[in-house]
Amino acid sequence: MYKLRADTPDKWAVHVADHLDEFLPDHAAAERKASANAMHMVVRYSDKLDLVDAMIEVAREELEHYHQVFHIMRDRGVGLEPDEPDPYVNALLDHSRSTGGDRLLDRLLLGSIIEFRGCERFAMIGRELAKRSDDAELAEFYRVLAASEAKHRGDFYELALQYFDRPVVEGRLEEFLDVEADIVEQLPIRAALH
Ligand SMILES: [Fe+2]
Ligand SMILES: [Fe+2]
């Protein structure tokens, strides 16, 4: 498996753990959008049955994450918020080509990278919360979530390798990893997934 090229700073996880009630609505929205994106792939690429099968599964798991975050929010008395644009995802999508096979390859690779970043960040939140005495249950939730996003990272990447030649996949991945590192390094520290 490839590696990301920029680390999220530790102070981001500290900030999120300090402002969890502010973070949770943004997290919930990210899960809901991930589910919707997977179902969009199902509709758009309905002739590719292995992709359809994998994306239905991803959509279901992301919807389950959304439901879990919703329950955590409800228990804490935190309401859902209107959608805000995600600056990280939108900046990445600006680099996606828009036609035919190029679009599919880009969406699969960006999907994998976005999942990878989610995995890194959820694991960081889990580790930060584990240091705090009253957040053990939530720390475990984020640890499990990180493992699920790691699986999705692989799902998108495997689909790219299934539908495109490896040198093409790896060449485009190289470009995206540099772009993603630049975008991540410019993100402000705030109580949001990105
Ligand atoms: Fe998720
Ligand atoms: Fe995911």
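Here is a short report on the structure shown in this document. Sequence order as written defines residue numbering, which begins from 1 separately in each chain. Here the convention is simple: chains get letters from A, ligands get numbers from 1, in the order in which they are written. Local features in a predicted model are, by the rule used here, given only for residues with pLDDT of at least 70; side-chain atom pairs are given and counted only at 80 or more, and totals for whole chains, interfaces and linings are based on all residues.

### Some remarks on the overall build of the protein chain
So, point 1. The numbering of helices and of strands both runs from the N terminus, where a helix is a DSSP run of H or I of at least 4 residues and a strand a run of E of at least 2. Of the regular secondary structure elements, the protein chain holds 7 helices and 0 strands.
So, point 2. Secondary structure of the protein chain in N-to-C order comes out as α-α-α-α-α-α-α.
So, point 3. Against the compact-globule benchmark of 16 Å for 194 residues, the protein chain has a radius of gyration of 17 Å, which places it among compact chains.
So, point 4. For the C-alpha atoms alone, the extent of the protein chain along its principal axes is close to 50 × 30 × 30 Å.
So, point 5. The buried share of the protein chain, reckoned over its 194 residues, is 33%.
So, point 6. We call two residues in contact if the C-beta atoms placed from their backbones are at most 7 Å apart. Restricting to contacts in the protein chain with at least 6 residues of sequence separation, those with at least 24 account for 77%. It is over C-alpha atoms that the radius of gyration is taken, and the globule rule equals 2.2 Å times the number of residues to the power 0.38. With C-beta atoms placed from the backbone, a residue is labelled by how many other C-beta atoms lie within 10 Å of its own: buried for 20 or more, exposed for 12 or fewer, partly exposed between the two.

### Topic: the nonpolar core
Looking at soluble globular proteins, one finds that nonpolar side chains tend to be buried together.
So, point 1. In terms of nonpolar packing, the biggest core is built from 42 residues, with Leu108, Ile125 and Ala160 touching the most fellow members.
So, point 2. When neighbours within four sequence positions are excluded, Ala160 is seen to be in contact with Leu105, Leu108, Leu109, Ser112 and Val169. The term nonpolar core means buried Ala, Val, Leu, Ile, Met, Phe, Trp, Tyr and Cys residues held together as one set by C-beta atoms within 7 Å.

### Side note on the packing of helix H3 (residues 49-76) against helix H6 (residues 136-163)
So, point 1. Between the N-to-C directions of two axes lies an angle of 0 to 180 degrees, each axis being a line fitted to C-alpha atoms and, for a helix, fitted only over the stretch in contact. With their axes 11 Å apart at the nearest point, H3 and H6 run at an angle of 160° to one another. Looking at the two axes, H3 sits roughly antiparallel to H6. Considering how the two elements wind past one another, H3 and H6 form a crossing that is left-handed. Along the contact surface, H3 presents Asp50, Leu51, Ala54, Val58, Glu61 and His65, while H6 presents Leu145, Ser148, His152, Asp155, Leu159 and Gln162.
So, point 2. When residues are grouped by polarity, Ala, Val, Leu, Ile, Met, Phe, Trp, Tyr, Cys and Pro land in nonpolar, Asp, Glu, Lys and Arg in charged, and all others, Gly among them, in polar. Along the lines of polarity and charge, the residues of the contact of H3 with H6 split into 5 nonpolar, 4 polar and 3 charged. For classification purposes, angles smaller than 35 degrees are called roughly parallel, those larger than 145 roughly antiparallel, those between 65 and 115 roughly perpendicular, and all remaining angles oblique. Each crossing gets its hand from how the near helix is turned against the far one by less than a right angle, where anticlockwise is left-handed and clockwise is right-handed.

### Thoughts on the environment of Ala139
So, point 1. Of note, Ala139 is situated in helix H6.
So, point 2. Look at Ala139 and you get partly exposed, because 18 C-beta atoms sit within 10 Å.
So, point 3. Considering only alpha carbons, one finds Ala139 and Asp165, 26 residues apart in sequence, at a separation of 39 Å.
So, point 4. Beyond its immediate sequence surroundings of up to four residues, Ala139 is in contact with Gly126, Leu129 and Ala130.

### Here's the deal with H3
So, point 1. By this rule the span expected of a helix is its residue count minus one, scaled by 1.5 Å. Relative to the 40 Å expected for 28 residues at 1.5 Å per residue, H3 spans 41 Å between its end C-alpha atoms, a close match to the ideal helical length.
So, point 2. Following H3 by one or two positions, Gly77 adopts a phi angle in the positive range, close to 75°.

### A closer look at helix H7 (residues 166-186)
So, point 1. Its 21 residues give H7 an end-to-end C-alpha distance of 30 Å, which sits within 8% of 30 Å, the value for a rise of 1.5 Å per residue.
So, point 2. Here H7 has its buried residues at Glu180, Ile183 and Val184. End-on, the buried residues of H7 take up no more than an arc of 85°, which puts them together on one face. Counted as exposed and oriented over 90 degrees from the buried face of H7: Pro167, Gly171, Glu174, Glu175, Asp178, Asp182, Glu185 and Gln186.
So, point 3. Those residues of H7 hidden inside the fold are in contact with helix H4 (87-93) and helix H5 (100-130). The arc in question is the one spanned by the directions pointing from the helix axis to the C-beta atoms.

### Re the packing of H5 against H6
So, point 1. The geometry of H5 relative to H6 is characterised by a closest axis approach of 7 Å and an angle of 165° between their N-to-C directions. Between H5 and H6, the crossing angle belongs to the class labelled roughly antiparallel. Remark: the crossing between H5 and H6 carries left-handed chirality.

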